[in-house]
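# A structural walkthrough
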Amino acid sequence: MFSQFNAGRRRNLQYFKNDPFDDDKNSYRELSKNEVSRWVFTSRLQTVLRFKNSSLTYAMTILSPEFKLAEAKWYAYGTIGFNFLL
């Protein structure tokens, strides 16, 4: 099930064989201590519109970069929900 891949380090990296979601099986990256951000900012903004027996919800989540890399950026995503009572 697992194959072991030794990259000349003390640890063995493991990956699944025949993984359809792995775009590059030889791609791996080990982060050093100074590349990981210990503090990550997370914020969630939510708006709810209520009617007689239903509600419409919009929420947006904002996250700061988790790694101190050149390509690290802030990112956000939104969700929409609709609830009703029968």
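Data block above holds the structure.
The rules behind the values
- Residues numbered from 1 in each chain as written.
- Predicted model: local features only at pLDDT ≥ 70, side-chain atom pairs only at ≥ 80, totals over all residues.
- Heavy atoms only, no water.
- Phe/Tyr/Trp six-rings, centres within 6.5 Å; stacked < 30°, edge-to-face > 60°.
- Helix = DSSP H or I, 4+ residues; strand = E, 2+ residues; numbered from the N terminus.
- Pairing = 2+ DSSP bridges.
- Axes fitted to C-alpha atoms, helices over the stretch in contact; angles between N-to-C directions.
- Polar contact = N/O pair within 3.5 Å; in protein donor to acceptor, adjacent residues only side chain to side chain.
- Contact = heavy atoms within 4.5 Å.
- Buried < 20%, exposed > 50% of the residue type's maximum accessible area, 1.4 Å probe, protein only.

## Some words on the packing of aromatic side chains
This structure, assessed with the given rule, holds 2 aromatic pairs. Arranged with centres 5.9 Å apart and planes meeting at 55°, the rings of Phe41 and Trp74 form a pair that is tilted. One end of the pair, Phe41, is in the loop between strand 2 (12-16) and strand 3 (42-50); the other, Trp74, is in the loop between strand 4 (54-63) and strand 5 (75-84), with 33 residues separating them in the sequence. Aromatic side chains Phe82 and Phe84 sit 5.9 Å apart centroid to centroid with 35° between the ring planes, which places their arrangement in the tilted category.

## A word on the sheet that holds strand 4
Spatially, 3 strands are ordered 3-4-5 in an open sheet, and the strand pairing comes out antiparallel. Of all strands in the sheet, those with a lone pairing partner are strand 3 and strand 5, marking the two edges. Neighbouring strand axes in the sheet, compared pairwise and without regard to direction, differ in orientation by 15° on average. The pairing of strand 3 with strand 4 spans 9 bridges and is antiparallel. Looking across to strand 4, one finds that Val48 is bridged to Thr57.

## What to know about the side chain of Ser64
When you line up the elements, Ser64 lands in the loop between strand 4 and strand 5. At 2.7 Å, the side chain of Ser64 and the backbone nitrogen of Phe41 are in polar contact. Those residues in contact with Ser64 that lie beyond four places of it in its chain are Trp39, Val40, Phe41, Trp74 and Tyr75.

## Describing the pairing of strand 4
Pairing geometry for strand 4 and strand 5, over 10 bridges, is antiparallel. Along strand 5, the bridge assignment pairs Ser55 with Asn83.

## Remarks on the environment of Asn53
Along the chain, Asn53 turns up in the loop between strand 3 and strand 4. Here Asn53 falls in the partly exposed class, since its relative accessible area comes to 43%. Linking Asn53 and Leu86, residues 33 residues apart in sequence, is a C-alpha distance of 8.0 Å. Once residues within four sequence positions are removed from consideration, Asn53 is found in contact with Asn83, Phe84 and Leu85.

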